[in-house]
Amino acid sequence: MDVDTRLLRSFLAVAEEGTLTHAAERLFVSQPALTKQIKQLETLLGVRLFTRSRTGMTLTEPGRTLTERVPALLADWDRALRETKNTAGRAARLLRVGFMASAANETTPRIVAEFTRRRPGWRVDMRQAAWSNPSAGLADGDVDVALLRLPFPGRSALRTAVLFTEPRWVALPEGHPLAARDTIPFRDLWDEPFVAAPPETGRWRDHWLAIDERDGHPVRIGAVTDQPDDWLSAIANGYGIALAPASAARFYARPGITYRPVGGVSPSQVGVAWARSDDGDPVVQDFVHCCLDALRPEETAT
């Protein structure tokens, strides 16, 4: 009998989180989809893995037995998969770099140029990820290294180095009553509808809604989008406003949208991330050092 590793990851997330809701957020899937996966695994194994109740999911005896074996099994599989992909990349002299939105802003070309200077004959394959994949493929082993906006779900399982910070601004429809202000206090935006990332992105979504800086004030969601173009369209069409890095005013300028500084909200951070198992990989570490060297302190945004 063959079992999809996806089902085992779903099982382990539920076992560790204790609830379907928290496990679904961790895995970036809907709760109904996760419930279906657990039932599918139970059917394949012919045993009941959880006892369901209003308070959460409790492991059965067979479920506890499985939790003792699954982490090591998945770790071995992930290691084998990553090593296989890394071997293929090294043979092709190709470094796969995931990134979100504008990556490291104007510094990205400089980072890539410096890496190819250090590694003659190597090529960098830049792979843009949707917002529903906040690790830009790194958590799944689809890329070797990633340029990301912090925080992101699963960060604790990876290595990260902060490259720079920049203020969070707000993107508004051009005719919005607040668009004429030079700076907008965040409190004045609390009752506005926001364009948000998908709920499955967890802390990523919460950060860009500034959940922790609302003093418990509820968020109004006007639209949910997963790609920059859809995000821009939703704002321009008046479905909501959105917090954005200050650099979005340069990289995502378009008619119908105005960007303004926001007071009373913390800045955004950009970082480079890599797998812990690649701490000793000279190619990955060369790229990391290129990122750090390209952003000297005097060039770091504040």
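The shown structure was predicted, so the numbers you read here are calculated from the model rather than taken from an experiment.

Trainee: Report on the pairing of strand β11 (residues 242–245), specifying residues and quantitative values.
Mentor: A two-sided burial pattern is seen for β11, the buried positions comprising Ala242 and Ala244 on one face and Leu243 and Pro245 on the other. Two strands pair when backbone bridges link them, and strand β7 (residues 168–173) and β11 are joined in this way by four bridges, in the antiparallel orientation. Note that in β11 the partner of Val170 across the bridge is Leu243.

Trainee: Describe helix α1 (residues 5–17), with residues and values.
Mentor: For α1, spanning 13 residues, the distance from its first C-alpha to its last is 18 Å, which sits close to the expected 18 Å at 1.5 Å a residue. Listed as buried for α1 are Leu7, Leu8, Ser10, Phe11, Leu12, Ala13 and Val14. For α1, the side-chain oxygen to backbone nitrogen distance between the N-cap and Arg6 is 2.9 Å, and the N-cap itself is Asp4. Directly after α1, the chain includes Gly18, whose backbone phi takes a positive value near 85°.

Trainee: Talk me through the sheet that holds strand β8 (residues 184–185); I want residue IDs and the actual numbers.
Mentor: Pairing between the strands of a sheet comes from backbone hydrogen bonds, and it takes one of two forms, parallel or antiparallel. The strand order across the open sheet formed by four strands is β8-β12-β7-β11, and the pairing between neighbours is mixed. The open sheet has two edge strands, β8 and β11, and neither has a second partner. Direction of pairing for β7 relative to strand β12 (residues 257–263): antiparallel, over a ladder of five bridges. Its bridge partner being in β12, Pro173 is matched across the sheet by Ile257. On the sheet, helix α7 (residues 228–236) packs against β7, β11 and β12 and is oriented at approximately 90° with respect to β12.

Scoring rules and cut-offs
Residues numbered from 1 in each chain as written. Predicted model: local features only at pLDDT ≥ 70, side-chain atom pairs only at ≥ 80, totals over all residues. Heavy atoms only, no water. Buried < 20%, exposed > 50% of the residue type's maximum accessible area, 1.4 Å probe, protein only. Helix = DSSP H or I, 4+ residues; strand = E, 2+ residues; numbered from the N terminus. Pairing = 2+ DSSP bridges. Expected span 1.5 Å × (residues − 1). Polar contact = N/O pair within 3.5 Å; in protein donor to acceptor, adjacent residues only side chain to side chain. Contact = heavy atoms within 4.5 Å. Axes fitted to C-alpha atoms, helices over the stretch in contact; angles between N-to-C directions.

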